[in-house]
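Structural overview
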Amino acid sequence: MAEAGTGFLEQLKSCIVWSWTYLWTVWFFIVLFLVYILRVPLKINDNLSTVSMFLNTLTPKFYVALTGTSSLISGLILIFEWWYFRKYGTSFIEQVSVSHLRPLLGGVDNNSSNNSNSSNGDSDSNRQSVSECKVWRNPLNLFRGAEYNRYTWVTGREPLTYYDMNLSAQDHQTFFTCDSDHLRPADAIMQKAWRERNPQARISAAHEALEINECATAYILLAEEEATTIAEAEKLFKQALKAGDGCYRRSQQLQHHGSQYEAQHRRDTNVLVYIKRRLAMCARRLGRTREAVKMMRDLMKEFPLLSMFNIHENLLEALLELQAYADVQAVLAKYDDISLPKSATICYTAALLKARAVSDKFSPEAASRRGLSTAEMNAVEAIHRAVEFNPHVPKYLLEMKSLILPPEHILKRGDSEAIAYAFFHLAHWKRVEGALNLLHCTWEGTFRMIPYPLEKGHLFYPYPVCTETADRELLPSFHEVSVYPKKELPFFILFTAGLCSFTAMLALLTHQFPELMGVFAKAFLSTLFAPLNFVMEKVESILPSSLWHQLTRI
């Protein structure tokens with residue numbers, strides 16, 4: 001019985017929703033017709049004449065106050081709508097309408113079983129969107145103590161967000177800890193240290209662990225957070241390498257003795273790779289670029305399967321600093337593959353190499369006269385490909401937007417990745433004569449090839465819609481996040497802006513010209529109600545007087 005009653009209520013609700021969705025116009029005219037028929041019993045004419053008499057007694061000051069108040073209220077709504085749009089990227093009124101009013105008026109039912117039967121194409125698209133919006137560790141991230149903290153000391157600003165640092169803490173727990181750490185006192189202390197939010201507590205725990213024995217992860221923490229210069233960080237990383245290499249060799253011999261030893265060996269491998277990579281980055285920072293390149297090549301050769309650290313992006317940047325463009329091309333040939341995930345470094349480095357072949361002699365005037373050569377066409381296509389992958393990068397390379405320190409994590413195709421790329425690669429683009437000029441002349445042409453709205457891409461998957469939200473979490477509040485595609489102003493912001501301006505103008509005109517505005521208002525109202533009076537006269541002339549008399553007596 002309960003199920004039958006529930007089913008009847010659902011059917012009744014669906015019928016009401018359907019009738020409201022499609023028959024609301026009929027209901028509206030029926031209500032108007034009944035009101036007109038019952039105008040005599042309801043004394044509508046008398047009430048209207050009373051209201052008209054009352055309005056005629058009002059002075060122009062009342063209308064000035066009315067329109068001024070309307071302008072003030074609509075202005076406040078406009079300010080709130082604009083603030084909400086800048087902060088959250090959507091209209092508050094529109095969001096409330098879609099979230100709360102649309103389901104009541106027969107909109108999309110979120111609980112409908114039809115949503116669970118989505119097509120395979122939609123599922124693939126959603127999975128791709130989730131993978132595109134995954135946050136990645138920045139392969140070129142700076143050192144907290146030697147670089148990020150120095151920025152804070154000088155400017156008083158925090159370059160890292162809590163969300164970014166929390167992701168780093170999760171990475172450290174994943175790479176530098178294992179289940180058997182509680183068996184070793186120093187590792188147990190470091191396991192707790194990586195979870196600490198207070199930097200001083202982490203540093204104190206690292207020193208406590210080093211008092212017990214030579215702990216590689218303790219040296220890593222001190223090199224990252226306590227060292228105030230790159231030279232100090234390199235010295236600590238060398239001590240970490242000595243301790244970590246010993247642990248790696250011991251666990252390598254025992255890795256097949258059980259799952260516990262295998263997990264410990266995996267942890268020791270991650271620690272060793274991290275130390276060697278950071279040592280190579282220290283050498284690159286200190287100007288020993290050839291040494292850094294050799295260390296990166298040896299690391300990639302020794303651990304070819306650990307692609308999660310993206311060491312090839314560090315190698316590409318170092319090779320560009322050496323201007324070893326043939327070696328850069330060799331690395332791109334291996335990693336710029338259709339089956340491998342792309343990055344701004346891969347796409348824009350490929351564009352830079354192709355631009356380098358033609359940029360020194362490129363002239364937009366000459367190209368418009370004779371057309372593009374094959375090499376120039378290849379360079380332009382490479383730039384278009386790079387811009388489609390990440391459209392935020394050109395503004396930083398062309399110095400149309402100011403750079404900030406890159407975060408520790410990036411979102412591929414987002415503003416955070418663009419900052420991380422431009423921070424290290426802007427000098428390489430400047431070094432190639434004419435490369436920035438070619439980029440300036442051609443990058444905006446990319447958007448003519450991409451469909452709008454972005455329901456599909458040209459060379460890549462459609463640009464994900466989640467980048468703005470993730471970038472706002474990754475980047476500091478003092479940075480203006482780059483948004484693509486540019487969001488159009490919501491209807492309600494334009495509506496409230498027009499309403500505020502219109503009512504303010506009416507208030508001003510009514511205050512300056514009260515008599516003229518009174519004549520104008522009466523003429524406007526008479527014109528507005530003229531069609532309704534015409535229809536009523538036609539209805540009275542068509543219907544028989546006896547029938548009309550009987551209807552009014554109901």
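Within an unreviewed UniProt entry, the label attached to the protein reads Suppressor of tumorigenicity 7 protein isoform X5, and the organism entered is Odobenus rosmarus divergens. Database annotation for the protein, UniProt heading Sequence similarities (unreviewed entry): "Belongs to the ST7 family."

1. Quick word on the pattern of salt bridges
Where charged atoms of side chains with opposite charge meet at close range, the side chains can pair. In the structure shown here, the tally under the stated rule is 21 salt bridges. In this structure, Arg-278 engages Glu-224 in a salt bridge whose closest nitrogen and oxygen atoms are separated by 2.8 Å. In this pair, Arg-278 is assigned in helix α13 (residues 259-285) and Glu-224 in helix α11 (residues 216-226), connecting sequence segments 54 residues apart. Assigned by exposure class, Arg-278 and Glu-224 land together as buried. For Arg-288, the salt bridge goes to Glu-234, with nearest N and O atoms at 2.3 Å. Residue Arg-288 is found in the loop between α13 and α14 (289-302), and its partner Glu-234 is found in helix α12 (residues 230-254); the two are separated by 54 residues along the sequence. The buried category is assigned to Glu-234, whose relative accessible area is 8%.

2. A look at helix α7 (residues 144-155)
Working note: α-helix, 3.6 residues per turn, so residues spaced by three or four point in the same direction. Within α7 the residues assigned to the buried category are Arg-144, Gly-145, Ala-146, Glu-147, Tyr-148 and Thr-152. Contacts from the buried residues of α7 go to α8 (162-176), α10 (199-212), α11, α12 and α13. Of the residues trailing α7, Gly-156 is marked for its positive phi of about 80°.

3. Some remarks on the side chain of Thr-289
By the secondary structure assignment, Thr-289 is in helix α14. You can call Thr-289 buried: its relative accessible area is 8%. Those residues in contact with Thr-289 that sit more than four places away from it in its chain are Ala-283, Arg-284, Ala-318, Glu-321 and Leu-322.

Rules used in this analysis
Residues numbered from 1 in each chain as written. Predicted model: local features only at pLDDT ≥ 70, side-chain atom pairs only at ≥ 80, totals over all residues. Heavy atoms only, no water. UniProt positions renumbered as here; feature names shortened; annotations may be inferred. Salt bridge = Lys/Arg side-chain N within 4 Å of Asp/Glu carboxyl O. Helix = DSSP H or I, 4+ residues; strand = E, 2+ residues; numbered from the N terminus. Buried < 20%, exposed > 50% of the residue type's maximum accessible area, 1.4 Å probe, protein only. Contact = heavy atoms within 4.5 Å.

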